[in-house]
Each structure stands twice: as structure tokens, then as C-alpha cells.
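# Descriptive structure summary
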Amino acid sequence: MRIVALAGGIGGARFLRGLRAAVGPQDEITVIGNTGDDIHLYGLKVCPDLDTVMYTLGGGIHEEQGWGRTDETWSIKAEMKEYGVGPEWFGLGDRDFATHLVRSQMLTAGYSLSQVTEALCVRWKPGVRLLPMSDDRVETHVRITDEQGSRAIHFQEYWVRLHAAVDAEAIVPVGADTAKPAPGVLEAIAEADVILFPPSNPVVSIGTILAVPGIREAVAAAAAPVVGLSPIIGGAPVRGMADKVLAAVGVEATAEAVALNYGSELIDGWLVDTVDEASVAAVEAAGIACRAVPLLMTDVEATAEMARTALALVEQVRK
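Now for a quick tour of the structure. (Residues numbered from 1 in each chain as written. Predicted model: local features only at pLDDT ≥ 70, side-chain atom pairs only at ≥ 80, totals over all residues. Heavy atoms only, no water.)

## Comments concerning the sheet that holds strand β9 (residues 194-197)
For clarity, the threshold we go by: What makes two strands pair is DSSP finding at least two bridges between them. Helix and strand assignments come from DSSP, with helices taken as H or I runs of at least 4 residues and strands as E runs of at least 2, each series counted from the N terminus. Helix axes use the C-alpha atoms of the stretch in contact, all axes being lines fitted to C-alpha atoms, and the angles between their N-to-C directions lie in the range 0 to 180 degrees.
Pairing within the open sheet is parallel, and its seven strands lie in the order β5-β2-β1-β9-β10-β13-β14. Each having just a single partner strand, β5 (129-132) and β14 (289-292) make up the two edges of the open sheet. Adjacent strand axes in the sheet meet at a mean angle of 20 degrees, parallel and antiparallel pairs treated alike. Pairing of strand β1 (residues 2-7) with β9, which is carried by three bridges, proceeds in the parallel orientation. Across the sheet, the residue bridging to A5 is L196, located in β9.

This is the structure in C-alpha cells:
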């Protein structure tokens, strides 16, 4: 079975760990990772979502945080602070710095982001094929209004520094309209037996991937069934502040609204949590098969069971 998953950071990575546990060794998983969160810091190219997937599946993630490295130290950040060089609000530990140094060195030498990601995965052995959505530079920006007036800031500043405390007025994937899918992305989608949307942020993770010309069209045209899992449970994000960015694109923070925003032209099946069972009928009325099952990723086995349920829905939709 050839499985393709479009994934963001923490939620996507944890789901993928369960998916990997749920399938057999003969099955192939290709992950198309969001690069809209990428940011340049200290002269280095930082890819938070790609690295979170790589570290999580490779056994190097800080489990409590869900991001960054386990057993991290912070000497470089402390030294940068002594020099008065920021930003202080974005945490890069010493171990994490090494990844960004290697990536940036390879990019400067002329390698593509796809090639660099493949090389980094040689060390981490994530058990999946990890592809960036594009080798081109794409950065998600957020338009806000604060004491400085109306302005656009990088998504990382909105999410990490401001903690989404200011209303998001618009979400703009800068550069996405002229970006090209990375090598292998469209081919993986076309050849897939299954396409999954993990419980990643539907706007700034999966939505940004779909904003790259050709990817949404490829998913919509794919022969494989497309099944998604709701990142919203009981009217609130399981983790993070997805409700803030959903509001910016005019979508209510409910499992039903997120499914309808994707639409039946994009997804064939949708899983909601048992607390949202009342939304099943409305989702199915829109032409999307829907089931209510436990969706809290409390541990790897619970997450694997979510993945098995998603794959079972794929087979029901396929028939």
C-alpha cells in the first residue's frame, strides 16, 4: 500500500508515528511536509515542520514540548543574547543548531531543499519518505493590527512571540503562487493508494501545502481516496491556536466546518471525535463519508488505532 500524507508539525508528526505503527513493513509512506513555517534566523534556514516530523519519527524529539531536540542545551542561544543578537523569542538549542547549520551549508553549496532533507533523513531514519512541499521559498505571513498599526508578520512571530493573542486578519502564503511542487510530490500523489490529511492545522499547514500550484489539483484528481482527521474536538483545537487562523479565513472552529471547508471535491472521508458525533449527518449530507471515533493522540497505540480507523474508512469509501 502506497500512502501519502500531507503534514504540518506536532500534530502531523505524532499522527505519522501512529500511522507507521499501524501499517506493515511492506507499506510505503510518503510525507509531503509543510515548508510555509520556514524561517531564516542567524543566517540559517530553519524548517520547523520538516524537522519536527524527522525528529519525532527518528526518536530525537523533545516529547513534552513536541518540538526541538531531547536532552537539549542552550549555550549558543545564551551567547547570542550576550552579543545582543535576537530574536530571543525563538528557541534554537545547540543540537537543533547543528541541523540548521548542515542544511544551510548544503543549500549554499547548491543542493535543493529536497536533496538536503533526504540527506538529513539518512541520519534520522524516520521510516517514511519525507518530501518538502516545494524547493522554492514560501513563508506564511499573518496580517494583524496592533499598536504599530496594520502590518504583516511572519507566522512564527505570530505563533511563537505573540501566542496568537492578536486577531489574525488574513493568512498569506508568500511565494506559494509562484512555487513549484518539489520533485516527487505530484508523482507520489498520482501513484498513491491512500491519501491522508492528518490532524494538522487546516489553514497554515495543510492549507499552505495545497496553496502550491498543482498540489490541490493533483489531490482532487487522484484515483486514491482522500480521508482526513479533524484537528478540532468539541469546538476547540486539540493543540495550538488553529481557531485563530480559521477565523481569519472565515471558517468556524468546528469539526464540521473544517470538513466543509475542504469540501467533497477534495476529501472523500472525514473522522471526527466522538464528542462531535452530532456533526456526522451534516458532513455526510455534503457528500463526505464521516465517522465519529476517539481522536485524542494520548499514546502511540491510541494514535495507531486512529490511523487504522482512517484506513478502514478509506476502504469503505473505495468500495
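Having seen the model, we can carry on.
## Focus: the sheet that holds strand β7 (residues 149-154)
With respect to topology, three strands assemble into an open sheet ordered β7-β6-β8, the strand pairing being antiparallel. Single-partner strands in this sheet number two, and they are β7 and β8 (170-174). Across the sheet, the mean angle separating the axes of adjacent strands is 30 degrees when strand polarity is ignored. Alignment of strand β6 (residues 139-146) against β7, held across six bridges, turns out to be antiparallel. Across the sheet, residue T145 finds its bridge partner in β7, namely S150.

## A look at helix α1 (residues 10-22)
Threshold: The length a helix should cover is 1.5 Å for every residue beyond the first. Exposure is judged per residue with a 1.4 Å probe applied to protein chains only, and the accessible area is read against the type maximum: over 50% gives exposed, under 20% gives buried, and values in between give partly exposed. Working rule for contacts: check all heavy atoms of both residues, and any pair within 4.5 Å makes them a contact.
The terminal C-alpha atoms of α1 lie 19 Å apart, and with 13 residues this matches the ideal 18 Å at 1.5 Å per residue to within 8%. Three or more residues of α1 are buried, namely I10, G12, A13, F15, L16, R17, G18 and L19. On the buried face of α1, the contacting elements are β1, β2 (28-33), α2 (48-58), β9, β10 (226-229) and α13 (300-318).

## Points about unusual backbone geometry
That bond from G86 to P87 is cis: its omega, 10 degrees, falls within 30 degrees of zero. Among the secondary structure elements, P87 is positioned in the loop between α3 (75-82) and α4 (94-108). The phi angle at D71 is positive, at roughly 55 degrees, despite the residue not being glycine. Relative to the helices and strands, D71 is located in the loop between α2 and α3. Residue classification places D71 among the exposed positions, given a relative accessible area of 58%.

## Examining α13
For α13, built from 19 residues, the straight-helix expectation of 27 Å at 1.5 Å per residue is met to within 8% by its first-to-last C-alpha distance of 27 Å. For α13, the set of buried residues is T303, A304, M306, A307, A310, L311, L313 and V314.

## Brief notes about the pairing of β6
Two elements, β6 and β8, share five bridges in a ladder whose sense is antiparallel. Bridging from a neighbouring strand, V142 pairs with I171 of β8.

## A look at the nonpolar core
Test applied: As used in this record, nonpolar core signifies buried Ala, Val, Leu, Ile, Met, Phe, Trp, Tyr and Cys residues forming a set joined through side-chain atoms within 4.5 Å.
Core analysis: the biggest nonpolar cluster contains 57 residues, and Y158, I189, I195, F197 and W270 have the highest contact counts within it. It is helix α11 (residues 255-262) that provides the largest number of residues to this core, a total of five residues. Each residue touching F197, except ones within four places of it in the same chain, is listed here: L6, I206, L210, V219, V226, V227, G228, L229, Y262, L266 and I267. Listed in part, the 40 residues of the second largest apolar core include I29, C47, I233 and M306.

## Some remarks on the pattern of salt bridges
For clarity, the cut-off: Put simply, a salt bridge is a Lys or Arg side-chain nitrogen that is within 4 Å of an Asp or Glu carboxyl oxygen.
Evaluation of the coordinates by the stated rule reveals 13 salt bridges. For E284, the salt bridge is made with R291, and the minimal N-O distance between the two is 3.0 Å. Residue E284 is classed as partly exposed on the basis of its relative accessible area, which comes to 38%. When salt bridges that share partners are traced, they join E301, E305 and R308 into one network.

Keep in mind that these numbers describe shape and distance, not what the molecule does.
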